[in-house]
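Architecture and fold: a report
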Amino acid sequence: MNVTPIHRHNGMLYMDHVNLQQIAEHYGTPCYVYSRQGIRQRWLAFDNAFAQQPHLVCYAVKTNSNLAVLQTLAQLGAGFDIVSGGELARVLKAGGDASKVVFSGVGKSEAEMRFALASGIKCFNVESEAELYRLESVAKALNMVAPISLRVNPDVDPKTHAYISTGLKENKFGVSFKQALTLYRYAAASAHLMVQGIDCHIGSQLLDLAPLQEAATRVVAFQQQLNTEGIRLHHIDMGGGLGIDYQDSDQAPTPAAYVQALLDAIQQADMEVLVEPGRAIVGNNGVLLSKVELLKENEGKSFMVIDAAMNDLIRPALYDAWQSIVDVYDNAQVAQSVDVVGPVCETGDFLGKSRQLTSQPNDYIAVLSAGAYGFVMSSNYNTRPRAAEIMVDGAQHQCVRARETLEDLMRGERLFNE
Ligand code: LLP
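Residues numbered from 1 in each chain as written. Predicted model: local features only at pLDDT ≥ 70, side-chain atom pairs only at ≥ 80, totals over all residues. Heavy atoms only, no water.

**Quick notes on the pairing of strand β4 (residues 31–35)**
Consecutive residues of a regular strand have side chains that alternate between opposite faces of the sheet. How we decide: Type-normalised accessible area, obtained with a 1.4 Å probe on protein chains alone, sets the label of each residue: buried when under 20%, exposed when over 50%, and partly exposed for intermediate values. By definition, any uninterrupted DSSP run of H or I lasting at least four residues is a helix, any uninterrupted run of E lasting at least two residues is a strand, and each is numbered from the N terminus. A pair of strands is considered paired only if DSSP assigns at least 2 bridges between the two.
Of all five residues that make up β4, five are buried, and the element is covered over most of its length. Both faces of β4 are covered, namely the face carrying Cys31, Val33 and Ser35 and the face carrying Tyr32 and Tyr34. Bridging between β4 and strand β13 (residues 286–298) involves four bridges; their strand directions are antiparallel. By the bridge assignment for β13, cysteine 31 is matched with leucine 289. Here β4 runs beside strand β19 (residues 388–393); their pairing, made up of five bridges, is parallel. Looking at the pairing, tyrosine 34 lines up with methionine 391 of β19.

Here it is in structure tokens:
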């Protein structure tokens, strides 16, 4: 079970002590709202579960990279998992510690490598032979030594959606154990590479811990093989992936159960343990608020047209993902079954189908579990300004990203000069 900061009182939806109807009226819609306390609690749940075990909980920045979210975690001493130079710039701007940053991703550019080396990050999670050679030559040109892990692909089935499954050998991520052995030998002999650890990430929204344990067991067995060759690793990074409850039947394991499962599999290895959770920290600490524009009927089918759309939250359209949608004010009227759709001109523009809701035009609805892969995947499709982002802390609330204006959208564009 996930604990969420969302609750109802006298029919009204609240996040922490803040009335979400008032937030919608004050800041306008669509807007994302995040709970600062909830985000802190979830990061601490991972951190505390490690107890005396040397560890670093590296928040996966891609999940929700708002500066105020990163700041909240940086203040707790969080590490960060980044996948671009842009994400590194955000972490530094939010007060994050570069020496706690790991850099994942299959296509790091030379410029990104230089930026990360100059910033003094903890480790590059290298995903291919070509990347290893590129990193070595970039480090050499700067007369520096790049700290590395190899991302291995343990070939286990994480039993999640195909688009977010990464640990099978047919996926583009990481290298096989066989190739990793050759590359570790190469790196150990290089003057510009420093072997630090080993890394893997098998997929996202995992509700079953067994594949993670299986992956950890395989990685540790490989680490012991490296040990016998005199190649010592200082850390094992098991990636992210812990799922959350999008619906009651999901029953996601707690961070504590997840950490314990990893430690059980890793116990004999004397290494610092890194994890890169994203969704499990922010997912259930965010909602998307939207206003009902109108209701319409088509041949017996009912639609609720709202002011948020697939450009604001693409998960339902892209992954057929199911997210709970609720009335912000439950007026105790009889609910109607509606497809909740946005104004974008695509049949795929829906946020939920056959939902039981009572809201009428100008009322507000909330899409729950929207803190992860929500705003960060939003776009300006149909020339729609991206939503505002609001952060709640107890009874306080602040705008942490202004709603975009049409000028913002057209900045940088020019008419053709005839
Ligand atoms: N580390 C690496 C190397 C990753 O690729 C990811 C996510 C994470 C950590 C964080 O995983 P998490 O703890 O959040 O499961 N857009 C999709 C999810 C894509 C996940 C990509 N990688 C969605 O909306 O479901």
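Back to the text.
**Some thoughts on the packing of aromatic side chains**
Cut-off, in case you're wondering: Only centres within 6.5 Å qualify two rings of Phe, Tyr or Trp (six-membered ring in Trp) as a pair; their planes then separate them into stacked at under 30 degrees, edge-to-face at over 60, and tilted for everything else.
Applying the stated criterion across every chain yields a total of seven aromatic pairs. On the basis of an interplanar angle of 80° and a centroid distance of 5.8 Å, the ring pair of phenylalanine 46 and tyrosine 258 is categorised as edge-to-face. Here tyrosine 258 lies in helix α9 (residues 255–266) and phenylalanine 46 lies in helix α2 (residues 36–49), a separation of 212 residues in the sequence. When its relative accessible area of 0% is taken as the criterion, phenylalanine 46 is described as buried. Between tyrosine 133 and tyrosine 186, the ring centres sit 5.1 Å apart and the planes meet at 65°, which makes this aromatic pair edge-to-face. Remark: tyrosine 186 occurs in helix α7 (residues 177–189) and tyrosine 133 occurs in helix α6 (residues 129–141); sequence separation between them is 53 residues.

**Here's the deal with the sheet that holds strand β12 (residues 272–275)**
The line we're drawing: In this analysis, axes come from line fits to C-alpha atoms, helices being fitted only over the stretch in contact, and the angle between any two N-to-C directions falls in the range 0 to 180 degrees. Note on contacts: a residue pair is in contact if any heavy atoms of the two residues lie within 4.5 Å.
Read around the closed barrel, the eight strands follow the order β5-β6-β7-β8-β9-β10-β11-β12; overall the barrel is parallel. Along the sheet, successive strands turn relative to each other by an average axial angle of 30°, direction set aside. Bridging between strand β7 (residues 101–103) and strand β8 (residues 123–126) involves two bridges; their strand directions are parallel. In the sheet register, phenylalanine 103 faces β8, and the bridge partner there is phenylalanine 124. Contacts from helix α4 (residues 85–93) reach β6 (79–82) and β7 within the one sheet, and its direction differs from that of β6 by about 160°.

**Details of the domain arrangement of the chain**
The condition is simple: Each domain's extent was defined by an automatic or database domain assignment. The buried area of a pairing is the accessible area, by a 1.4 Å probe, that goes missing from both parts when the two are put together, added over both.
When the domains of the chain are assigned, the result is domain 1 (6–34 + 283–410) and domain 2 (65–277). The centre of domain 1, based on its C-alpha atoms, is set 33 Å off from the matching centre of domain 2. Of the residues lining the interface, 16 residues belong to domain 1; the matching set on domain 2 comes to 13 residues. Counting each side, the surface lost to burial between domain 1 and domain 2 is near 1,100 Å², with a carbon and sulfur contribution of 58%.

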